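# A look at the structure
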Amino acid sequence: MAVTLRDVAARAGVSPVVVSRVLHEKALAIKVTEATAERVRIAAKDLGYIRNISAVNFRTKQTMTIGIFHGAGRETPKFVGGSTYFGALMDGFVAGAFENDYAVTLCPKLLGLAPDSALNDGRFDGLVLYSTDVTDANALMLQKCTVPVVLVHTKASEFQCRVPSVVCDNFGGIRLAIEHLIELGHKRIAFAQDPWFFSTEVRDRRNAYVKLVQEFGLPVGKDDIVIVESSGENFDELFSGRYTGVVAFHDALAGRIIHAASQYGVAIPDDMSVVGFDSTTYCNELRPALTSVSQPLQQMGARAIELLVGFIRGEIESPAELIYPCGLDIRGSTKSIDALVKS
């Protein structure tokens, strides 16, 4: 049988309250001499005492577990193969959780089509939702959720500021990408996106592209927004020779563009410059390496957990909307028009 706190107290010749004070820093009002404390620690070691976390959680009515919620109807995220976006974000979630003595959990119901039961069945103290889809299904699930929630990538204002959120400055990030291409002399720039029509980040980055290209006096129309299907992609429009530069919604899509370019006789960056968005380690695996807008995914993930823990503990009264600035990591997938002409 497991050694209990009372067993340690009997071995040390003290009360259970004294053991709790020494080993768990409870009952802080009780004064314990160093000699008594040492006797308790020796007794605990001799008996092999291990604190029963399940029993503690039962008494405090907490699970000390945070669920990572992918949103309804989205594909299961991948840790390896292709973009390392999700791995970078998870590193932040784990770091933030461990810093606050919490565990993080991914379970099938939080990654599948029907996560409703996992939201309210008592297994989590709180949830992080990092889907960017403001669908009726996601809105309804958030409305029904009985535990604290923090959003990542979706602004709190999209859900009437009912929950805190952590996002990157999508407009500022796209500005960095457009300015970089324009400085390189590019005048015909496309925006490539997935067919994620409910994604707030697709919308925000696409709108930023349109506004900024217009701001710099360059031509832009609806045909310059190229929607790339996830299977059987047709890149004819993108590689028609109309564009010398393209900004992709995320790195995985930019990677698909780079891989497909050779099939159309297009050399990257000699014929077309490509800029991605996320700037994870995946960018360095591509050939050429991908120039990409960098959003601080690990920092955002850790901060989301900190916000959630504060929400759980009642330390946050009004939902916060934190916006992190982006940077630009210049690699080999972009090149100046002047260099192309001279070569």
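Located above this text is the structure these notes cover.
What this report covers is the structure whose coordinates are included nearby. Chains are numbered independently. Their residues run from 1 in the order of the written sequence. Selection of residues for local features in this predicted model requires a pLDDT of at least 70, selection of side-chain atom pairs for listing and counting requires 80 or more, and totals for whole chains, interfaces and linings are taken over all residues. Excluded from the side-chain calculations are hydrogens and water; all other atoms, namely the structure's heavy atoms, are used.

## Digging into the overall build of the protein chain
Think of it this way: any DSSP run of H or I at least four residues long counts as a helix, any run of E at least two long counts as a strand, and we number them from the N terminus. On a plain count of helices and strands, the protein chain comes out with 14 helices and 12 strands. Counting the 343 residues in the protein chain, one finds 49% classified as buried. Any two residues whose heavy atoms approach within 4.5 Å are treated as being in contact. Here the analysis covers contacts within the protein chain between residues at least 6 apart in sequence; of these, 70% occur between residues at least 24 apart. Counting only carbon and sulfur atoms, one obtains 53% of the accessible surface of the protein chain, whose full area is about 16,700 Å². Between buried and exposed lies partly exposed: a residue is buried under 20% and exposed over 50% of the maximum accessible area for its type, with that area taken using a 1.4 Å probe on protein chains only. Computed with the Shrake-Rupley method and a 1.4 Å probe, the accessible areas treat only the protein chains shown as cover for residues.

## Digging into the sheet that holds strand S4 (residues 149-152)
For two strands to be treated as a pair, DSSP must find no fewer than two bridges joining them. One open sheet holds the 6 strands; their spatial order is S2-S1-S3-S4-S5-S11, and the pairing between them is parallel. The outermost strands of the open sheet, each flanked by one partner alone, are strand S2 (103-105) and strand S11 (321-324). The sheet shows a mean angle of 20° between the axes of neighbouring strands, taken without regard to direction. Relative to S11, strand S5 (residues 165-168) runs parallel, the two being bridged by 4 bridges. Its bridge partner being in S11, Val 167 is matched across the sheet by Ile 323. Structural elements are reduced to axes, namely lines fitted to C-alpha atoms, with helices fitted over the stretch in contact, and the angle between N-to-C directions of any two is expressed from 0 to 180 degrees.

## Details of the nonpolar core
As used in this record, nonpolar core signifies buried Ala, Val, Leu, Ile, Met, Phe, Trp, Tyr and Cys residues forming a set joined through side-chain atoms within 4.5 Å. Counting residues in hydrophobic clusters, the biggest one holds 69 residues, and the most contacted among them are Phe 93, Ile 174, Leu 238, Phe 239, Ile 257, Met 272 and Val 274. If you tally residues by element for this core, the top one is helix H13 (residues 297-312), at 8 residues. Look past the residues within four positions of Leu 238 in its chain and what remains in contact with it is Ala 190, Val 226, Tyr 243, Val 246, Ile 257 and Met 272.

## Thoughts on the side chain of Gln 295
Checked against the element boundaries, Gln 295 lands in the loop between strand S10 (291-294) and H13. N or O atoms closer than or at 3.5 Å make up a polar contact, with two conditions inside protein: a donor-capable atom paired with an acceptor-capable one, and, for residues adjacent in sequence, both atoms drawn from side chains. Polar side-chain contacts of Gln 295 include one of 2.6 Å to the side chain of Asp 278. Aside from chain neighbours lying at most four places away, what touches Gln 295 is His 153, Cys 168, Arg 205, Phe 277, Asp 278, Met 300 and Cys 326.

## What about unusual backbone geometry?
For the bond from Ile 268 to Pro 269, the omega torsion is 5°, close enough to zero to count as cis. You can see Pro 269 is positioned in the loop between helix H11 (251-261) and strand S9 (273-278). Omega for the bond connecting Arg 287 with Pro 288 falls within 30 degrees of zero, at 0°, which places this linkage in the cis form. In this fold, Pro 288 is placed in the loop between helix H12 (282-285) and S10. A positive phi angle, near 85°, is found at His 153, a position not held by glycine. Classification of His 153 by relative accessible area gives buried; the value is 3%. The backbone of Ser 279 shows a phi angle near 60°, a positive value even though the residue is not glycine. For Ser 279, the position within the fold is in the loop between S9 and H12.

## A short note on the pattern of salt bridges
A carboxyl oxygen of Asp or Glu within 4 Å of a side-chain nitrogen of Lys or Arg is what we treat as a salt bridge. What the rule picks out here adds up to 12 salt bridges. In this structure, Arg 41 and Glu 38 form a salt bridge, with 3.2 Å as the shortest nitrogen-oxygen distance. Of this pair, Arg 41 and Glu 38 both sit in helix H3 (residues 34-47), 3 residues apart, roughly one helical turn. In the salt-bridge network here, residues are joined through shared partners; they are Glu 34, Glu 38 and Arg 41.

## Some details on H3
For H3, which comprises 14 residues, the first-to-last C-alpha distance of 20 Å matches the rise-based estimate of 20 Å (1.5 Å per residue) to within 8%. All buried positions along H3 are accounted for by Thr 36, Ala 37, Val 40, Ala 43 and Ala 44. Buried residues along H3 cover an arc of 125° about the axis, so they all sit on one side. Within H3, the exposed residues directed more than 90 degrees away from the buried face are Glu 34, Ala 35, Lys 45 and Asp 46. Of the residues flanking the end of H3, it is Gly 48, one or two places downstream, whose phi is positive at about 70°. Here the expected span of a helix is defined as 1.5 Å times the quantity of residues minus one. Directions are taken from the helix axis to each C-beta atom, and the arc is the one they span.

## A closer look at helix H2 (residues 16-24)
Within H2, the full set of buried residues consists of Val 18, Val 19, Ser 20, Val 22 and His 24. A positive backbone phi angle near 55° is found at Glu 25, which sits one or two residues after H2.

## Observations regarding the packing of aromatic side chains
Stacked, tilted and edge-to-face pairs are distinguished by plane angle, under 30 degrees for stacked and over 60 for edge-to-face with tilted covering the rest, among Phe, Tyr and Trp rings (Trp via its six-membered ring) whose centres lie within 6.5 Å. This structure, assessed with the given rule, holds 5 aromatic pairs. Only when the NZ atom of a Lys or the CZ atom of an Arg is both within 6 Å of the ring centre and within 35 degrees of the ring normal do we say a charge sits over the ring. Sitting over the ring of Phe 277, Arg 205 keeps its end group 3.6 Å from the ring centre.

## Considering a nonpolar patch on the surface
Like charges are joined within 9 Å and nonpolar side chains (Val, Leu, Ile, Met, Phe, Trp, Tyr) within 5 Å, but only among residues with over 30% relative accessible area and no salt bridge; these make up the patches. On the surface, a cluster of nonpolar side chains totalling about 290 Å² of accessible area is made up of Phe 79, Val 80 and Leu 106. Among the residues examined, Val 80 registers a relative accessible area of 71% and is labelled exposed.

## Brief notes about the sheet that holds S9
Reading across from one edge, S7-S6-S8-S9-S10-S12 is the order of the 6 strands in this open sheet, with mixed pairing throughout. At either margin of the open sheet sits one strand with a lone partner, and together these are strand S7 (225-227) and strand S12 (327-329). With direction set aside, neighbouring strand axes in the sheet form an average angle of 25°. In terms of strand pairing, strand S6 (residues 189-193) meets strand S8 (residues 245-248) through 4 bridges, oriented parallel. Note that in S8 the partner of Ile 189 across the bridge is Gly 245. Sitting on the sheet, H11 touches S6, S8, S9 and S10, and the angle it makes with S9 is about 155°.

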